[in-house]
Protein chains: 2
Amino acid sequence: MKTYIQYLEPKERPTSFYNIIPDIEKYLKMEIPPVLHPATKQPVTPNDLAPLFPMELIKQEVSREKEIDIPEEIQELYETYRPTPMIRAAQLEKILDTPAHIYFKYEGTTPSGSHKINTALVQAYYSKKEGVKKITTETGAGQWGTALSISCAHFGLECQVFMVKTSYQSKPYRREVMRLFGANLIPSPSNSTACGRKFLEEDKDCPGSLGMAISEAVEVAAQNDDTKYALGSVLNHVLLHQTIVGLEAKKQMEKFGEYPDTVIGCVGGGSNFAGFAFPFVHDVFRGKKIEFLASEPEACPKLTEGKYEYDFGDSAGMTPLIKMYTLGHKFMPSPIHAGGLRYHGAAPLASILKNAGMVRSIPYPQIETFKATQIFAKAQGIIPAPESAHAIKTAIDEALKAKESGEKKVIIFNLSGHGHFDMQAYADFLDGKF
Amino acid sequence: MKTYIQYLEPKERPTSFYNIIPDIEKYLKMEIPPVLHPATKQPVTPNDLAPLFPMELIKQEVSREKEIDIPEEIQELYETYRPTPMIRAAQLEKILDTPAHIYFKYEGTTPSGSHKINTALVQAYYSKKEGVKKITTETGAGQWGTALSISCAHFGLECQVFMVKTSYQSKPYRREVMRLFGANLIPSPSNSTACGRKFLEEDKDCPGSLGMAISEAVEVAAQNDDTKYALGSVLNHVLLHQTIVGLEAKKQMEKFGEYPDTVIGCVGGGSNFAGFAFPFVHDVFRGKKIEFLASEPEACPKLTEGKYEYDFGDSAGMTPLIKMYTLGHKFMPSPIHAGGLRYHGAAPLASILKNAGMVRSIPYPQIETFKATQIFAKAQGIIPAPESAHAIKTAIDEALKAKESGEKKVIIFNLSGHGHFDMQAYADFLDGKF
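The structure presented is a predicted model; accordingly, all values stated were derived computationally and were not measured.

Looking now at the interface of chain B and chain A. It is common to give the size of an interface as the accessible area that goes away when the parts come together. Each partner contributes to the interface: chain B provides 52 residues, whereas chain A provides 52 residues. Of the roughly 5000 Å² buried between chain B and chain A on both sides combined, carbon and sulfur atoms contribute 60%. There are 6 salt bridges connecting chain B and chain A. When the shortest N-O distance is used, the salt bridge between Lys-94 of chain A and Glu-76 of chain B registers 3.8 Å. For the pair chain B and chain A, the interface holds 21 residue pairs in polar contact (both at pLDDT 80 or more). Contributing elements (two or more residues each) for the side of chain B that touches chain A: strand 1 (5-6), helix 4 (72-78), helix 5 (90-96), helix 7 (143-155), helix 9 (172-180), helix 16 (366-380) and helix 18 (423-430) of chain B.

Okay, empty space enclosed by the protein next. One water molecule sets the probe size; rolling that probe over the atoms shows where empty space is left. According to the stated counting rule, one finds 6 cavities of 30 Å³ or more in the structure shown. Of the volumes computed, that of the largest cavity is approximately 490 Å³. Lys-116, Trp-144, Ser-233, Gly-269 and Gly-340 of chain B are the residues nearest the centre of the largest cavity, which is lined by 33 residues in total. Within the residue set of the lining of the largest cavity, elements represented by two or more residues are strand 6 (134-139), helix 7, helix 11 (210-223), helix 13 (271-285) and helix 17 (386-405) of chain B. For the lining of the largest cavity, the class distribution of residues is 11 nonpolar, 18 polar and 4 charged. As for the second largest cavity, its lining consists of 30 residues, and the residues nearest its centre are Gly-108, Thr-109 and Thr-110 of chain A together with Gly-108 and Thr-109 of chain B.

Residues and elements named next belong to chain B. Residue placement: Arg-360 occurs in strand 14 (residues 359-364). Owing to a relative accessible area of 36%, Arg-360 belongs among the partly exposed residues under this scheme. Dropping the residues within four chain positions of it, Arg-360 is found in contact with Glu-291, Phe-292, Leu-293, Ala-294, Glu-398 and Lys-401. Of the polar contacts made by the side chain of Arg-360, one reaches the side chain of Glu-291; its length is 3.3 Å.

Turning next to the sheet that holds strand 5 (residues 101-106) of chain A. Residues and elements named next belong to chain A. With mixed pairing, the 7 strands of this open sheet are ordered in space as 1-4-5-15-10-11-14. Strands at the two margins of the open sheet, each flanked by one partner only, are strand 1 (5-6) and strand 14 (359-364). Here 5 bridges tie strand 10 (residues 262-266) to strand 11 (residues 291-297), and the two strands are oriented parallel to one another. If you follow Thr-262 over to strand 11, its bridge partner there is Glu-291. On the sheet, helix 12 (residues 236-256) packs against strand 1, strand 4 (86-88), strand 5 and strand 15 (410-415) and is oriented at approximately 140° with respect to strand 5. Packing of helix 13 (residues 271-285) onto the sheet brings it into contact with strand 5, strand 10, strand 11, strand 14 and strand 15, and relative to strand 10 it is tilted by some 155°.

Another point: unusual backbone geometry. Between Ser-188 of chain A and Pro-189 of chain A the backbone carries a cis peptide bond, its omega angle lying at 5°. For Pro-189 of chain A, the position within the fold is in the loop between strand 8 (184-188) and helix 10 (194-202). Residue Pro-83 of chain B is reached from Arg-82 of chain B by a cis peptide bond, and omega for that bond is -5°. Notably, Val-234 of chain B is not glycine yet its phi reads approximately 70°, a positive angle.

Residue and element names in this part refer to chain B. The final tally for this structure, using the stated rule, is 46 salt bridges over all chains. Between Arg-286 and Asp-23 there is a salt bridge, and its shortest N-O distance comes to 2.9 Å. Here the residue Arg-286 occupies a position in the loop between helix 13 and strand 11 (291-297), and Asp-23 occupies one in helix 1 (residues 21-27), the gap between them amounting to 263 residues. Judged by relative accessible area, Asp-23 falls into the buried class, the value being 2%.

We now examine the side chain of Thr-227 of chain A. Residues and elements named next belong to chain A. Looking at where Thr-227 falls in the secondary structure, it is placed in strand 9 (residues 227-229). A polar atom in the side chain of Thr-227 sits 3.0 Å from the side chain of Asp-226. Residues within four places of Thr-227 in sequence aside, it is in contact with Pro-51, Val-132, Lys-134, Thr-136, Val-220 and Ala-221.

This paragraph deals with the pairing of strand 11 of chain B. Residues and elements named next belong to chain B. Extensive coverage of strand 11 is indicated by the burial of 6 of its 7 residues. Judged from the 6 bridges that link them, strand 11 and strand 14 form a sheet pairing that is parallel. Paired with Ala-294 across the strands is Ser-361, a residue of strand 14.

What follows concerns helix 10 of chain A. Residues and elements named next belong to chain A. For helix 10, the complete set of buried residues consists of Cys-195, Gly-196, Phe-199 and Leu-200. Down the axis of helix 10, the smallest arc covering the buried residues is 140°, so these residues share one side. What points out from helix 10, more than 90 degrees from its buried face, is the exposed set Glu-201 and Glu-202. Of the surrounding secondary structure, the elements contacted by the buried residues of helix 10 are helix 8 (165-170) and helix 11 (210-223). The distance from a side-chain oxygen at the start of helix 10 to the backbone nitrogen of Gly-196 is 2.8 Å, and the residue carrying that oxygen is Thr-193.

Attention shifts here to the packing of aromatic side chains. Residues and elements named next belong to chain A. This structure, assessed with the given rule, holds 38 aromatic pairs over all chains. Taking 6.2 Å as the distance between ring centres and 65° as the angle between the ring planes, the aromatic pair formed by Phe-276 and Phe-280 counts as edge-to-face. Highlighted residues: Phe-276 and Phe-280, both in helix 13, separated by 4 residues, approximately one helical turn. Accessibility classification places Phe-276 together with Phe-280 in one group, the buried group. Judged by centre distance (6.2 Å) and plane angle (35°), the rings of Phe-429 and Phe-434 are tilted. Exposure remark for Phe-434: the relative accessible area of 26% places this residue in the partly exposed category. When the ring centre of Tyr-325 is taken as origin, the NZ or CZ atom of Lys-354, which lies over that ring, is 5.1 Å away.

Criteria and thresholds
Residues numbered from 1 in each chain as written. Chains lettered and ligands numbered in written order. Predicted model: local features only at pLDDT ≥ 70, side-chain atom pairs only at ≥ 80, totals over all residues. Heavy atoms only, no water. Contact = heavy atoms within 4.5 Å. Buried area = accessible area lost by both parts, 1.4 Å probe. Salt bridge = Lys/Arg side-chain N within 4 Å of Asp/Glu carboxyl O. Polar contact = N/O pair within 3.5 Å; in protein donor to acceptor, adjacent residues only side chain to side chain. Helix = DSSP H or I, 4+ residues; strand = E, 2+ residues; numbered from the N terminus. 1 Å grid on protein atoms, 1.4 Å probe; cavity = no way out; pocket = protein on both sides within 12 Å on 5 of 7 lines; lining within 4 Å. Points joined across faces, edges and corners; volume = space filled by probe spheres on them. Nonpolar A, V, L, I, M, F, W, Y, C, P; charged D, E, K, R; others polar. Buried < 20%, exposed > 50% of the residue type's maximum accessible area, 1.4 Å probe, protein only. Pairing = 2+ DSSP bridges. Axes fitted to C-alpha atoms, helices over the stretch in contact; angles between N-to-C directions. Arc of directions from axis to C-beta. Phe/Tyr/Trp six-rings, centres within 6.5 Å; stacked < 30°, edge-to-face > 60°. Lys NZ or Arg CZ within 6 Å of the ring centre and 35° of its normal.

This is the structure we're talking about:
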């Protein structure tokens, strides 16, 4: 009997995160571009960020340590759901009739249903440790808000989630998930913040946007000493925490006795791609050869068509400036179902690799990702999130290319989350509505 | 670092199911009561059942082999999602401040989101092998229909699901899940069968029932040579396939270095309870001491208040008669959210153990199960199905008793499925609607 699924024994589980920054500096012979203050345009200091983030996370943001220990309490919490399985998509291989071996890391088995909880727990942990009482955040599709709600419930922290109003109205069950965990959900824009009131004055029927929700969440955190703000992607420390995914995947691939030729992830803010890919980039810096493919929607092709330049993290231009591939902070993507990929920029650390020619990005029309995902779903029995569907599309295309060329390639991708709360998207797909 | 989650290495994974029948005959010194023909009241023969079930499953239904090999192809399919994790509920223990150790087997990580797929795959496999083209079934809450849809998609079988009309209307996303996997969904009662048309003649606005849906599915299978019928619980072969859950759990508990004092499962038809408990009952027959607790809703307390007698499996009285704890096949439970527990009878093999005094049943009001489950959810980050919530209530109560008595008990339960498609139930709970 062949083996098609690998976990990890307790002694094999990662106990530290992989920090790619020292490797980038060493192997790409460059300095990491600093984050700039939105007003002064000067590099921000840790103190500039202190009102928003716990100091330990600010330290991680700029750390040059190669490995950063996972606190024991977080390791214990990871053991409520990790390691997630690494699965050989044997049924899919058969259907595609490809000589390629396809493997995927499945983060949909986590409590929050996606990789987002890996960093949410760490952020809540350090907040609690530093005396924070409340964490604010924004959420669009709801994956991040769910993860933070669960994490705050663990640590007895108040959690305030500004949910983009249109999502708040169209995704009632996502809302109930967060509510079950005790989160305080506010449809954004709201009357509870100065900027929210301003947005509503300009348009009382405003459907909201991720940028507006960020502004509201940041405002609440900045104005309250016992309150911090948490972000679900983009920042270095968020990508750092997500390396748990790739570190596990690497050990699991070792247990399969295979090593990837191609590593694939979808890119929204970039944290699931980076978390999965960075531990393999580590090997490439040291001589291995891997192709890294970043899957993105045609509706928001930041890596493929964006510019590599300084831009704001939010639409309103209130956050620090970061150097990244960006479509411009005022870019408004069309309302595709993969809400988690509708972000104008890509994480600075992922952008550096793209700029260095180490990552190739591929944009897809929405319909193609859903078609590929139905093939995958029928083969493997799993319903992926519309975001993860992009990675699946790339994996299937690569496997079909391998079929043409006869190559016995090893293709791995990150299936970042399940689509259990995205069934309306699948219904629209099945009804031919897009 | 302590370990809080256990999987199994490839070589540790079960390769055969545990058949409890020979052990019951040997250790309880009894004969298994035969299944009776609904018309003649005589024991049914394999040929009587042949129009409905593949012959290999009929053989399994009456097999006296102690272990029944899992076909290699099924082992491979199990490796798309098994082993499911065995998790120490360490966070819950802390919150309850109990000396008890609480562990749960989490079947919510399967593709279908519950244990149901364990038997659905096997049933689809043998159907395919015996030349069947189409499988019919009924579904209420949708867990079983989902599992069978996925399994039929694997094997290229047509899948026709008669879904209780009221569920069909109130659970649109469950519907979309099955549709994604290519199932042909029919709200029941329907015009597509003779009995369906009869039900509709009597009441054109009939909301449907599981009993009616069974009748329709059975009618289609009985009338078509290339079509078989599949059942998601109650029958011996279904319970047999579910022993994969308990067999894994036993090995995982060994890896934790602990052995259970208390084994808990909720009971609908009885398959998740039996699948989890039977491999431990195996040990009790050989001298171990374990308390088996069956959690059920007050709205449908078959084990606690039912009679142990011959009854029909469906409401219309079309199926063979089976000896089981039953509230009567015309019993109509109130519409609680745990739809999977709204069945009038309990599996014959589970009923035998109850009748022998080896299982204690506990009925709960719905509100108590949701309250317990919110505590669990906040502690462990997982949203359980309303059915599984009953097992959680029992586990928490037992852990609190252990706190009072100071006993360091080991309590294990089967968390049979996630509640991602049950968020309306949680919304109603949070809104104080029940």
